[in-house]
There are 2 protein chains.
Amino acid sequence: MERLAAQIHFLLVCDQLKTVIRTTTLHDGSRYENSAEHSWHLALMAVTLSEHAPKGTDIQKVVRLLLVHDLVEIHAGDTFFAVSAAGLQEQSEKEAQAASALFGLLPADQQQEFQTLWEEFEAQETREAHFAKALDALQPMLLTWGGNGLGCTERHPDLTREKLLDLKQKPLQRFPSLWAYARQLLDQAASRGTIPSATVPD
Amino acid sequence: MERLAAQIHFLLVCDQLKTVIRTTTLHDGSRYENSAEHSWHLALMAVTLSEHAPKGTDIQKVVRLLLVHDLVEIHAGDTFFAVSAAGLQEQSEKEAQAASALFGLLPADQQQEFQTLWEEFEAQETREAHFAKALDALQPMLLTWGGNGLGCTERHPDLTREKLLDLKQKPLQRFPSLWAYARQLLDQAASRGTIPSATVPD
Ligand SMILES: [Ca+2]
């Protein structure tokens, strides 16, 4: 029962992801989102939006990448997506240490499996990692400016429509339907006044 | 863009699963768990504990069942696992209505896909549904009495070790290693005094 005990200890440490708080609120604005429920939402998005990935994308792999991708935050904390380059470098060292500490709780074969999943997401070299990253970029936009989204101008007055378009282009432009949707969503938010914009969209 | 708009509307309604509160607390006891983060934890358990399912179990299917299985709670609420038979019947009608309302937001082919996943979990006729259910039965036990679990005697004085063994046998006994672990966990909790027990285990 040694393997099972190690696996369950790992899973109980992973419970802490529910206490890592993100900078995004729930869609209804009632509270900040945590990284565990965020990971669930992304995995559900992967299943629901699978037709927007190129043919041949392994959606089950995308789901596994998403279930695991934020676990290092248990030791390293969440990173605001508009962080500086120096901040990003420091964060990335912390996350590598966090990955060894956390996945090292598992039996060696599984440590390797989880480390590989996490590295695949981070390296952004496969189409599965690209799609996972695109969903991770899109989800907070949906919560904040999609549907009845309240925006986040009070918390982040610097987040203009232009800055968002600039930051989100890289992860999203590989997926034309998602990128078109994201741009339309920001145009509508600018028209409704839920995001600051230098130019008034048509 | 009509399909994508429907899919995203569905995903924004699904955000509400983050506000459905369960009767279990996080492992550190700091707050109650919600059904979205619970679903993430179960999906991660499926990946981590896959070797404890019989050979040939489709773990990716188990993950999809788990991502979707609680969604009906958005409209129907969570059910305490020790509810009465009459209460269960009423809950099950509410959940069937909730499934049509929620999955009906999706394009017809996907409505069918999600409805089928949800029904497969509920029907408990496939080994994937059995494994998903076993994890759903085990996870709150881990949070409450595993590791440094604090128990829940104040909130649920009626939950004795004997009652738990009785309630958890059905979902767990198909998986010998998990069932052995669960029994050991309850024995240890009884010895530590974090669960009431009529008999003192060896
Ligand atoms: Ca993320």
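For the structure, check the block above.
Residues numbered from 1 in each chain as written. Chains lettered and ligands numbered in written order. Predicted model: local features only at pLDDT ≥ 70, side-chain atom pairs only at ≥ 80, totals over all residues. Heavy atoms only, no water.

Caption draft 1: Geometry of the interface of chain B and chain A. Every contact between the two is made by 53 residues of chain B and, on the other side, 53 residues of chain A. The junction of chain B with chain A conceals about 4,400 Å² of combined surface from both sides, 71% of it contributed by carbon and sulfur atoms. Broken down residue by residue, the surface that chain B buries against chain A is led by Leu11(B), Lys18(B) and Trp40(B), which jointly contribute 17%. For the interface between chain B and chain A, the tally reads four salt bridges. Across the salt bridge formed by Glu33(B) and Lys18(A), the nearest N and O atoms sit 2.8 Å from each other. At the junction of chain B with chain A, the criterion picks out 26 residue pairs in polar contact (both at pLDDT 80 or more). Looking at the side of chain B that touches chain A, the elements with two or more residues in it are α1 (2–14), β2 (32–34), α2 (35–48), α3 (59–68), α6 (108–123), α7 (127–145) and α9 (176–192) of chain B. (Contact = heavy atoms within 4.5 Å. Buried area = accessible area lost by both parts, 1.4 Å probe. Salt bridge = Lys/Arg side-chain N within 4 Å of Asp/Glu carboxyl O. Polar contact = N/O pair within 3.5 Å; in protein donor to acceptor, adjacent residues only side chain to side chain. Helix = DSSP H or I, 4+ residues; strand = E, 2+ residues; numbered from the N terminus.)

Caption draft 2: Up close: the coordination of the calcium ion. All names here are of chain A. Taken together, His-38 (NE2), His-69 (NE2), Asp-70 (OD), Asp-136 (OD) and Asp-136 (OD) make up the protein donors of the calcium ion, found 2.6 to 3.0 Å from the metal. The motif formed by the donor residues of the calcium ion, counted along the single chain, is H-x30-H-D-x65-D. Here the residue His-38 occupies a position in helix α2 (residues 35–48), and Asp-136 occupies one in helix α7 (residues 127–145), the gap between them amounting to 98 residues. Judged by relative accessible area, which is 0%, His-38 ranks as buried. Overall, the relative accessible area of 18% leaves Asp-136 in the buried class. (Donors = N, O, S within 2.8 Å, 3.2 Å for Na, K, Ca; no water. Buried < 20%, exposed > 50% of the residue type's maximum accessible area, 1.4 Å probe, protein only.)

Caption draft 3: Main features of unusual backbone geometry. Phi angles above zero are rare outside glycine, and Gln124(A) is one such case at about 55°. Along the chain, Gln124(A) falls in the loop between α6 (108–123) and α7.

Caption draft 4: Inspection of the relation of the copies chain B and chain A at higher detail. The two copies are related by a screw operation: chain B maps onto chain A through 180° of rotation and 0.0 Å of translation along the axis, at an RMSD of 0.0 Å. Read as a symmetry element, the transformation amounts to a two-fold axis. Taken together, the interface assignments show that 100% of the residues at the interface of chain B recur at the interface of chain A, consistent with an identical surface on both copies. (Least-squares fit on C-alpha atoms with pLDDT ≥ 70 in both.)

Caption draft 5: Spotlight on the packing of aromatic side chains. All names here are of chain B. In total, this model carries six aromatic pairs over all chains according to the counting rule given. Pairing Phe-103 with Phe-114 gives two aromatic rings, centres 5.9 Å apart and planes at 40°, and the pair type is tilted. Of this pair, Phe-103 sits in helix α5 (residues 85–103) while Phe-114 sits in helix α6, and the two are 11 residues apart along the sequence. The pair formed by Phe-103 and Phe-114 is uniform in burial state, with each residue classed as buried. (Phe/Tyr/Trp six-rings, centres within 6.5 Å; stacked < 30°, edge-to-face > 60°.)

Caption draft 6: Structural view of the packing of helix α3 (residues 59–68) of chain A against α6(A). All names here are of chain A. One can describe the packing of α3 onto α6 by two numbers: an axis separation of 9 Å at closest approach and a directional angle of 95°. The angle between the axes of α3 and α6 places the two elements in the roughly perpendicular class. Contacts between α3 and α6 pair Lys-61, Arg-64, Leu-65 and Val-68 from the former with Phe-114, Leu-117, Trp-118, Glu-120 and Phe-121 from the latter. Among the residues forming the contact of α3 with α6, the class breakdown is six nonpolar, no polar and three charged. (Axes fitted to C-alpha atoms, helices over the stretch in contact; angles between N-to-C directions. Parallel < 35°, antiparallel > 145°, perpendicular 65-115°, else oblique. Nonpolar A, V, L, I, M, F, W, Y, C, P; charged D, E, K, R; others polar.)

Caption draft 7: Structural context of the side chain of Thr144(B). Residues and elements named next belong to chain B. Relative to the elements of secondary structure, Thr-144 occurs in helix α7. Overall, Thr-144 belongs to the buried group, its relative accessible area being 8%. Among the polar contacts listed, one links the side chain of Thr-144 to the backbone oxygen of Pro-140, at a separation of 2.7 Å. Those residues in contact with Thr-144 that sit more than four places away from it in its chain are Thr-24, Gly-149, Leu-150, Gly-151 and Cys-152.

Caption draft 8: Inspection of the nonpolar core at higher detail. Leu71(A), Trp145(A), Leu71(B) and Trp145(B) are the most contacted members of the largest nonpolar core, which has 129 residues in total. Trp145(B) has contacts with Gly151(B), Cys152(B), Leu159(B), Leu164(B), Leu185(B), Leu186(B), Ala189(B), Arg192(B), Thr194(B) and Ile195(B), leaving out every residue within four places of it along the chain. (Core = buried A, V, L, I, M, F, W, Y, C linked by side-chain atoms within 4.5 Å.)

Caption draft 9: Local environment of α3(A). The element α3(A) is extensively covered by neighbouring structure, given that nine of its 10 residues are classed as buried. On its buried face, α3(A) sits against α2, α5 (85–103), α6 and α7 of chain A together with α2 and α3 of chain B. Measuring from the side-chain oxygen of the N-cap residue of α3(A) to the backbone nitrogen of Gln60(A) gives 3.1 Å; that N-cap residue is Asp58(A).

Caption draft 10: Up close: the packing of α7(B) against helix α8 (residues 161–172) of chain B. Residue and element names in this part refer to chain B. Two elements in contact, α7 and α8, have axes whose closest approach is 8 Å; the angle formed by their N-to-C orientations is 145°. Two secondary-structure elements touch here, α7 through Lys-133, Ala-134, Ala-137, Leu-138, Pro-140, Met-141 and Trp-145 and α8 through Leu-164, Lys-168, Pro-171 and Leu-172. A class-by-class count of the residues in the contact of α7 with α8 yields nine nonpolar, no polar and two charged.

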